[in-house]
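# Chain and residue survey
Here are the chains, one letter per residue:
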Amino acid sequence: MKLTILGNNGPYPSAGGACSGYLLTEGDIKLLIDCGNGVLSNLQRFIRLEELTAVILTHLHSDHISDMMVLRYAVQVKRAKGLSDKVIKVFAPQEPAEEYSRLDIKEAFALNGITQESVLNLGKLKLTFKDMKHPVKCLAISIENGEKRFVFSGDTGWNENIISFGKDADLLMLDSGLLTRDKSTQDAPHLTARECGVIGKSANAKRLLLTHFWPEYKAGEILKEAAQEYEKVELTTLLCSYEV
Ligand SMILES: [Zn+2]
Ligand SMILES: [Zn+2]
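Everything numeric in this text was worked out from a predicted model, so none of it was measured.

Here we take up the packing of helix α6 (residues 193-202) against helix α7 (residues 219-227). As a packed pair, α6 and α7 sit with axes 7 Å apart at the nearest point and diverge in direction by 40°. As judged from the angle between their axes, α6 and α7 are oblique. In the packing of α6 onto α7, the handedness of the crossing is right-handed. Touching A193, R194, C196 and G197 of α6 are I222, E225, A226 and A227, all from α7. Here the contact of α6 with α7 is built from residues that sort into five nonpolar, one polar and two charged.

Taken together, seven strands build an open sheet; the order of strands is β7-β8-β9-β10-β11-β12-β13 and the sheet is mixed. The open sheet has two edge strands, β7 (119-122) and β13 (233-235), and neither has a second partner. Recorded for the sheet is a direction-independent mean angle of 20° between the axes of neighbouring strands. Across four bridges, strand β11 (residues 171-175) lies against strand β12 (residues 208-211) in parallel orientation. Bridge pairing links L172 to L208 in β12.

Here we come to unusual backbone geometry. Each neighbour pair has its own omega, and for G10 with P11 the value is -5°, a cis peptide bond. Residue P96 is bonded to the preceding E95 through a cis peptide linkage, with omega at -10°. Phi at N204 is positive, roughly 60°, even though this residue is not glycine. One can find N204 in the loop between α6 and β12. If you check the backbone angles, L239 has positive phi at about 70° while not being a glycine. Residue position: L239 is located in the loop between β13 and β14 (241-243).

To continue, consider the sheet that holds strand β5 (residues 88-92). With respect to topology, seven strands assemble into an open sheet ordered β6-β5-β4-β3-β2-β1-β14, the strand pairing being mixed. For this open sheet the edge positions go to β6 (109-113) and β14, each flanked by a neighbour on one side alone. Across the sheet, the axes of successive neighbouring strands diverge by a mean angle of 20°, strand direction being ignored. Here strand β2 (residues 21-26) runs beside strand β3 (residues 29-33); their pairing, made up of five bridges, is antiparallel. The residue of β3 that forms the bridge with Y22 is I33.

Here the focus is the pairing of β7. Alignment of β7 against strand β8 (residues 125-131), held across four bridges, turns out to be antiparallel. For N121, the partnering residue across the bridge sits in β8 and is K126. Taking the residues that link successive antiparallel strands as the turn, the β7-β8 hairpin has two residues, and the phi of G123 there is positive, at about 60°.

Moving on to the pairing of β6. Taken together, the five bridges between β5 and β6 define a ladder with parallel strand orientation. Among the inter-strand pairings, A92 is bridged to a residue of β6, identified as G113. Assessed by its sense of winding, the connection that carries the chain from β5 through helix α4 (residues 97-102) to β6 is right-handed.

The rules we used
- Residues numbered from 1 in each chain as written.
- Chains lettered and ligands numbered in written order.
- Predicted model: local features only at pLDDT ≥ 70, side-chain atom pairs only at ≥ 80, totals over all residues.
- Axes fitted to C-alpha atoms, helices over the stretch in contact; angles between N-to-C directions.
- Helix = DSSP H or I, 4+ residues; strand = E, 2+ residues; numbered from the N terminus.
- Parallel < 35°, antiparallel > 145°, perpendicular 65-115°, else oblique.
- Left-handed = near helix turned anticlockwise from the far one by under 90°.
- Contact = placed C-beta atoms within 7 Å.
- Nonpolar A, V, L, I, M, F, W, Y, C, P; charged D, E, K, R; others polar.
- Pairing = 2+ DSSP bridges.
- Right-handed = clockwise from strand over helix to strand, strands pointing away.

Here you go:
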């Protein structure tokens, strides 16, 4: 499997950056995980939209879904001009209901609800999900190809689920939206870089990637804080690819 970083900021992009979006490919299977602002543009550096197998949304916050509203135009225009006859399969949690219903655009998307009980088989890939801790329902995603396993937390505050769900992952990617100095309550909606390090180590992740960076943070500071807990940590780099 190959993971390409299409956007790694949150909850808004840095200058020239993009919010959550990741392309996971395995042969002909091409999955877009999250579709925040700036992702649609970066996605087309790598594939044509008609090649997408499915879009998987971890949760329905705008920094993870806003480009879905323009992806719909792309699909609708291509279909109207006879360039494509496909709608795109989309999998997402069904809450908040108002956001979910905005995605229910039959001319563009085949929308399916997912929960932590869902199992998706797409080609040789098996996808499973786990509830995380966030102000809206958010699902971590595990993707296996029979040999290797990739796990992504989506957005989450500290919770034990991500340790068990990420256990022995070949590549574990975590929401590192905070530095410890900015974690004001136990209910913070994002992990600190230090917590990411603790989770990576506790889960015995073979490789740990951090993402969802607030634009004002310095990369070196995020990396230093996480590396104090787990040395196998790296920061995602926009438009770079990682083998799983
Ligand atoms: Zn976010
Ligand atoms: Zn969020």
